[in-house]
Amino acid sequence: MTKKKLGREEKNGQPVVRLRSMLIGLCVLVGSIALPLVLVWKQSYVNQVSIRLEYKADTLASLRREITSLELERGRLSSPARIERLARARGLEYPVSGQLEVLEVKMPRQKKNRWIGGFFTFVKQTFSGKSGR
C-alpha cells in the first residue's frame, strides 16, 4: 500500500516539476531573444541621435558662415564712401555753410548737484555766459 501511495505522489509531483522546468526554459528563451533585440535597439537609437547631432552641427556651421557673410556685406553697404557716391548719384550734395543751422537743445532739469560736480557746472556756465536756469 505504501508503494501505491508513493507512486501516486510521484505522479502528482512530476507535472509540477515539468511545468517549472518548462517555465524556466521559456524565461531563458525569451531573455536570450529579448536581450540582443534591446542591445540592437539601443545601438540604433545612439546612431540616430548621433546623426541628428551631426546635422545640427552642420546647420550651426552653415548659419555661422551666413552670419559672417552678412556682416561683411553690411560693412560694405554701410561704408561712408559708398553712401556719398549714391547720394551724389541722386543729386545730393553737402550743404554750404550758410544753410547750416545750429540748434540748442535744452535738457530737462535735473536735480541740482551741490557737491563738486555742481561747482564745476557753475564755473563752466559763468565763463561761457550761459545760464543754467
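Each remark here, short or long, concerns the structure printed above.
Since the model is a prediction, treat every value here as computed from it, not as a measurement.

Here we come to the overall build of the chain. Counting its regular elements, the chain contains three helices and zero strands. Taken from the N to the C terminus, the helices and strands of the chain come in the order α-α-α. Each of the 133 residues in the chain was classed as buried or not, and the buried ones make up 1%.

Before going further, it helps to spend a moment on the pattern of salt bridges. Using the criterion set out here, one finds two salt bridges in the structure. Residue R88 is joined to E84 by a salt bridge in which the shortest nitrogen-to-oxygen separation is 3.8 Å. Of this pair, R88 and E84 both sit in helix α2 (residues 80-89), four residues apart, which is roughly one turn of the helix. Salt bridges here are not isolated pairs; linked through shared partners, they connect E84, R88 and E93.

Before going further, it helps to spend a moment on a nonpolar patch on the surface. Together, L23, L26, L29, V30, I33 and L37 make up a nonpolar patch on the protein surface, roughly 590 Å² of accessible area in all. Its place among the elements puts L23 in helix α1 (residues 2-77).

Rules behind the numbers
Residues numbered from 1 in each chain as written. Predicted model: local features only at pLDDT ≥ 70, side-chain atom pairs only at ≥ 80, totals over all residues. Heavy atoms only, no water. Helix = DSSP H or I, 4+ residues; strand = E, 2+ residues; numbered from the N terminus. Buried < 20%, exposed > 50% of the residue type's maximum accessible area, 1.4 Å probe, protein only. Salt bridge = Lys/Arg side-chain N within 4 Å of Asp/Glu carboxyl O. Patch = residues over 30% accessible without salt bridge, like charges linked within 9 Å, V, L, I, M, F, W, Y side chains within 5 Å. Areas by Shrake-Rupley, 256 points an atom, 1.4 Å probe, with all protein chains shown as cover.

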